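Architecture at a glance
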Amino acid sequence: MSTSTLPPGVLPPGGMPTAAKPMPDILPNRRARKGFVGYLMRHPTIAIGGFLLLLMLAIAIFAPYLWTKDPTALAPAMRTRDPGARWWFGTDMLGRDVYSRVLYGTRVSLMVGFGVAIASSVIGLAIGLVSGFVRWADSIIMRIMDGLMSIPSILLAIALMALTRGSVGNVILAITVAEIPRVSRLVRGVVLSLREQPYVEAAIASGTRTPVIIWRHILPNTLAPMTVQATYICASAMIAEAILSFIGAGTPPIIPSWGNIMAEGRALWQVKPYIVFFPALFLSITVLAVNLLGDGLRDSLDPRLAKRV
């Protein structure tokens, strides 16, 4: 019998054992895609949420070129027309084109969402850094934040709007004040865990000044959770703006925001539901897009949750 016909592992006469044949690959090796495309494939929620959000941004920017009309133009003879070829989303009780008002309302909601997210993140980040790292200021600042958090955010925003006149800027200010305590408490919790790390203690022992430690060692490690939190703040701010406008405490009725459109159409909800349906649909899609983006960023930035291929 030749050595080539011997089963694997059997010693031939006076020879060395033959090597076992390699096992065939059951599953082919998958090569991880690199670059931006590979990143989106590993995190599909970021891809879906980002696409929907970019779509809403494009609608807000190019609203005048998307076959819209003047969203404030009145046409009493054309009031409460059903959706059709001429009026894609129908008309409201004053004859205004609902399609044009919904598309222009995208600008208001995105402006409020992004404005509140940026302002509350910056202010809350500064308060949280100081409160978490400077021990003597922690008790003072956090008691103030606890007092603000004891009031429901929507009631606090209504109270602030009652002291000012209705405008988009005042809506952003009112919602920002209500969101700052939540951001500051999040940042404070992160800073409390970071200041006990060995590299921070080594920087303190070497005589590094407190502002330098915060800027170089603490701040960079708070940006990841803050980015995720900012997306949720953006989504909640758009909902809060719609609530304020719906109850008449937000933007003026002349401004075509989704909350104003739904507030004006609630009286005709049973007979003309499209007046409320279309702005509610756009609001839901936008909030869903921001939340999907936030979930994807959380999985991507948190190494404990990241899914690597």
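Residues numbered from 1 in each chain as written. Predicted model: local features only at pLDDT ≥ 70, side-chain atom pairs only at ≥ 80, totals over all residues. Heavy atoms only, no water.

**Some points on the pattern of salt bridges**
Filter applied, for reference: Every case where a carboxyl oxygen of Asp or Glu lies within 4 Å of a side-chain nitrogen of Lys or Arg is listed as a salt bridge. For helices the rule is a DSSP run of H or I covering at least 4 residues; for strands it is a run of E covering at least 2, with both sets numbered from the N terminus onward. Using a 1.4 Å probe on the protein chains alone, a residue whose accessible area is under 20% of its type maximum counts as buried, one over 50% counts as exposed, and one in between counts as partly exposed.
For the structure shown, the criterion picks out seven salt bridges. Between Arg 185 and Asp 146 there is a salt bridge; the shortest N-O distance is 2.7 Å. Highlighted residues: Arg 185 in helix α6 (residues 168-194) and Asp 146 in helix α4 (residues 135-149), separated in sequence by 39 residues. You can call Arg 185 partly exposed: its relative accessible area is 33%. A relative accessible area of 28% places Asp 146 in the partly exposed class. Taken together, the shared-partner salt bridges connect Asp 92, Arg 96, Arg 101 and Glu 264 into one network.

**Topic: the packing of helix α3 (residues 98-133) against helix α10 (residues 274-301)**
To keep things clear, this is the line we draw: Orientation is described by lines fitted to C-alpha atoms, with helices fitted over the stretch in contact, and by angles between N-to-C directions that extend from 0 to 180 degrees. Roughly parallel means an angle under 35 degrees; roughly antiparallel, over 145; roughly perpendicular, 65 to 115; everything else is oblique. In this scheme, a crossing is called left-handed if the near helix is turned counterclockwise away from the far one by less than a right angle; it is called right-handed if the turn is clockwise. Note on contacts: a residue pair is in contact if any heavy atoms of the two residues lie within 4.5 Å. Polar here means any residue other than Ala, Val, Leu, Ile, Met, Phe, Trp, Tyr, Cys and Pro, which are nonpolar, and Asp, Glu, Lys and Arg, which are charged; Gly is therefore polar.
Contact geometry of α3 with α10 gives a least axis separation of 10 Å together with a crossing angle of 40°. Taken together, the axes of α3 and α10 are oblique relative to one another. Relative to α10, α3 is oriented so that their crossing is right-handed. Note on element contacts: α10 touches α3 through Phe 278, Pro 279, Phe 282 and Thr 286, opposite Val 102, Leu 103, Thr 106 and Leu 110. Classifying every residue of the contact of α3 with α10 by side-chain character gives six nonpolar, two polar and no charged.

**Here's the deal with the environment of Ile 123**
Tracing the chain through its elements places Ile 123 in helix α3. In the structure, Ile 123 is positioned 54 residues away from Val 177 in sequence and 9.5 Å away in space, judged by C-alpha atoms.

**Re helix α2 (residues 44-61)**
As a reminder, the rule being used: One fewer than the residue count of a helix, multiplied by 1.5 Å, yields its expected span.
Compared with an ideal rise of 1.5 Å per residue, which puts 18 residues at 26 Å, α2 spans 26 Å between its outermost C-alpha atoms and is within 8% of the ideal. If you check which residues of α2 are buried, you get Ile 46, Gly 49, Gly 50, Leu 52, Leu 53, Met 56, Ile 59 and Ala 60.

**Quick word on the confidence of the model for the protein chain**
What counts, and what does not: For every residue, the predictor assigns a confidence score, pLDDT, that lies between 0 and 100.
The predicted model of the protein chain has a mean per-residue pLDDT of 82, with 85% of residues at 70 or higher. Counting interchain partners and residues more than four positions distant, the pLDDT-below-50 stretch residues 305-309 has 10 contacts.

**Section: the packing of aromatic side chains**
As a reminder, the rule being used: In this scheme Phe, Tyr and Trp rings, the latter by its six-membered ring, pair at centre separations within 6.5 Å, and the angle between planes marks the pair as stacked below 30 degrees, edge-to-face above 60, and tilted otherwise. In our convention, an over-ring charge means Lys NZ or Arg CZ found within 6 Å of a ring centre and within 35 degrees of that ring's normal.
By the definition in use, this model includes seven aromatic pairs. Relative to Trp 88, the ring of Trp 67 lies with its centre 6.4 Å away and its plane at 50°, an arrangement referred to as tilted. Placement of the pair is Trp 67 in the loop between α2 and α3 and Trp 88 in the loop between α2 and α3, with a sequence separation of 21 residues. Overall, Trp 67 belongs to the exposed group, its relative accessible area being 67%. The class for Trp 88 is partly exposed, based on a relative accessible area of 41%. In textbook terms, an aromatic cluster arises when at least three aromatic residues are bridged by ring pairs, as seen for Trp 67, Trp 88, Phe 89, Tyr 99, Trp 258, Phe 277, Phe 278 and Phe 282. It is Arg 266 that lies over the ring of Phe 246; its NZ or CZ is 4.8 Å from the centre.

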